[in-house]
Amino acid sequence: MEYIIEVNDVVKKFKDVTVLDHVSLKVEQGTICGLVGRNGSGKTVLMKVICGFILPDSGQVTVDGRQIGKDCDFPKDTGVIIENPGFSQYISGAKNLRNLASINKKITQEEIVKVMELVGLNAQDRKWVSKYSLGMRQRLGIAQAIMEGQSLLILDEPMNGLDQEGVEDMRKLFQNLREQGKTILLASHSREDIAMLCDAVYEMEHGVIRRKDVENGSMQFV
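Let's talk about helix α3 (residues 109-118)
Those residues of α3 that fall on the buried side of the exposure criterion are Ile-112, Val-115 and Met-116. Considered in projection along α3, the buried side chains sweep an arc of 100° and stay on one side of the axis. Residues of α3 that are exposed and point over 90 degrees away from its buried face: Glu-110, Lys-114 and Glu-117. Here the buried face of α3 lies against α2 (93-104) and α4 (134-146). Phi turns positive one or two residues past the end of α3, at Gly-120, with a value near 90°.

Encoded structure:
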C-alpha cells in the first residue's frame, strides 16, 4: 500500500487555541479521502498545513515522499482549492487560466479550452470573473486545480455554490479522475458527496481527528 500523504502527530496552535491536536492521517494513492466536521473543526487548517501554507508547531507532513517545510515548501504536482478561489476580477475566466498556465508552461491553449468545457464553462465567454456567479467561480477554481494534470488534488468544499446538476457533474469528474489514478483529499459538509465518492473518511472535531469506518459507520480514534 502506497501513501501519497502522511501526516504524523501534527500540532498547530494559534495563541492559546489548539487547532490541530496531534493529528495523524494517511491517504492512499489513487483514492478519494474525505474530511468531515463542523466549521472550525480544523479541516481547512489541516489542508493548509499539508500544502505548506501554514507550518505546524510540531509533527511532520510528507507528500509523495518529501517533507513539507524541509524538502519542499509546496507539494509538487498538486492542485488546490482552499476557501474561495482567488482570481483576477476584471478579466475573463479563460484569461485567468491562461495567465496561471504561463507560469509553468505545461499546457496549451487548446488544453485550457478542454478543461473549461470539462467543468461546464465556455472558454469563449469574455465575461469578467467579477460577473461570475458563485457556482461559476467554483467551476473555474476546479478547472485551475486540475488543468495541468495534477496527480494530487486538495479540495476544500469544491461543491460550494453549485446547483444539483453541477454537483452531479463534479462527482462524475472526481470519480473519473480517481479512475485515472489521481488522489483526492476532499472536505465536504455533504454526507451524500462523502458517501458516494470517498474510499476513506476522517472526521475532525475540536482539532482531533477520528477515522470513520465506512463499512459500519463506527468511529475509531486514529
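Concerning the nonpolar core
Core analysis: the largest hydrophobic core is formed by 38 residues, its most contacted members being Leu-97, Met-116 and Phe-174. For this core, the secondary-structure elements that each account for two or more residues are β3 (32-36), α2, α3, α4, β7 (152-156), α5 (164-179), β8 (183-187) and α6 (191-197). The residues touching Phe-174, leaving out its near neighbours within four places in the chain, are Ile-32, Ile-142, Leu-155, Pro-158, Met-159, Ile-184 and Leu-197. Of all hydrophobic cores here, the second largest spans 31 residues; its members include Ile-5, Val-7, Met-204 and Ile-209.

Concerning the environment of Leu-134
Locating Leu-134 in the fold gives a position in helix α4. Separated by 50 residues in the primary sequence, Leu-134 and Asn-84 have C-alpha atoms spaced 9.5 Å apart. Not counting the four nearest positions on each side in its chain, Leu-134 is found in contact with Asn-160 and Gly-161.

A look at the packing of aromatic side chains
What characterises a pair of aromatic rings is the spacing of the ring centres plus the angle enclosed by the ring planes. Under the counting rule described, the total for this entry stands at two aromatic pairs. With a centroid separation of 5.9 Å and an interplanar angle of 20°, the aromatic rings of Phe-53 and Phe-74 are classed as stacked. One end of the pair, Phe-53, is in the loop between α1 (43-51) and β4 (58-63); the other, Phe-74, is in the loop between β5 (66-67) and β6 (78-81), and 21 residues separate them in sequence. Overall, Phe-53 belongs to the partly exposed group, its relative accessible area being 48%. Taking the relative accessible area as the measure of exposure, Phe-74 reaches 35% and is therefore partly exposed.

Some points on the sheet that holds strand β1 (residues 3-14)
Spatially, four strands are ordered β2-β1-β4-β5 in an open sheet, and the strand pairing comes out antiparallel. One side of each edge strand has no neighbouring strand; the edge strands of this open sheet are β2 (17-28) and β5. Bridge count for β4 against β5 is two bridges, and the pairing is antiparallel. Its bridge partner being in β5, Val-63 is matched across the sheet by Arg-66. On top of the sheet, α1 reaches β1, β2 and β4; it is set at about 60° to β2, its chief contact.

Some remarks on the pairing of β7
For β7, the tally of buried residues reaches five of five residues, placing the bulk of the element in the interior. The alternating pattern of β7 places Leu-152, Ile-154 and Asp-156 and Leu-153 and Leu-155 on opposite faces, both of which are buried. Here β6 pairs with β7 via four bridges, running parallel. If you follow Ile-81 over to β7, its bridge partner there is Leu-155. Bridging between β7 and β8 involves five bridges; their strand directions are parallel. Note on β8: the bridge partner recorded for Leu-155 is Leu-186.

Conventions we followed
Residues numbered from 1 in each chain as written. Predicted model: local features only at pLDDT ≥ 70, side-chain atom pairs only at ≥ 80, totals over all residues. Heavy atoms only, no water. Buried < 20%, exposed > 50% of the residue type's maximum accessible area, 1.4 Å probe, protein only. Helix = DSSP H or I, 4+ residues; strand = E, 2+ residues; numbered from the N terminus. Arc of directions from axis to C-beta. Contact = heavy atoms within 4.5 Å. Core = buried A, V, L, I, M, F, W, Y, C linked by side-chain atoms within 4.5 Å. Phe/Tyr/Trp six-rings, centres within 6.5 Å; stacked < 30°, edge-to-face > 60°. Pairing = 2+ DSSP bridges. Axes fitted to C-alpha atoms, helices over the stretch in contact; angles between N-to-C directions.

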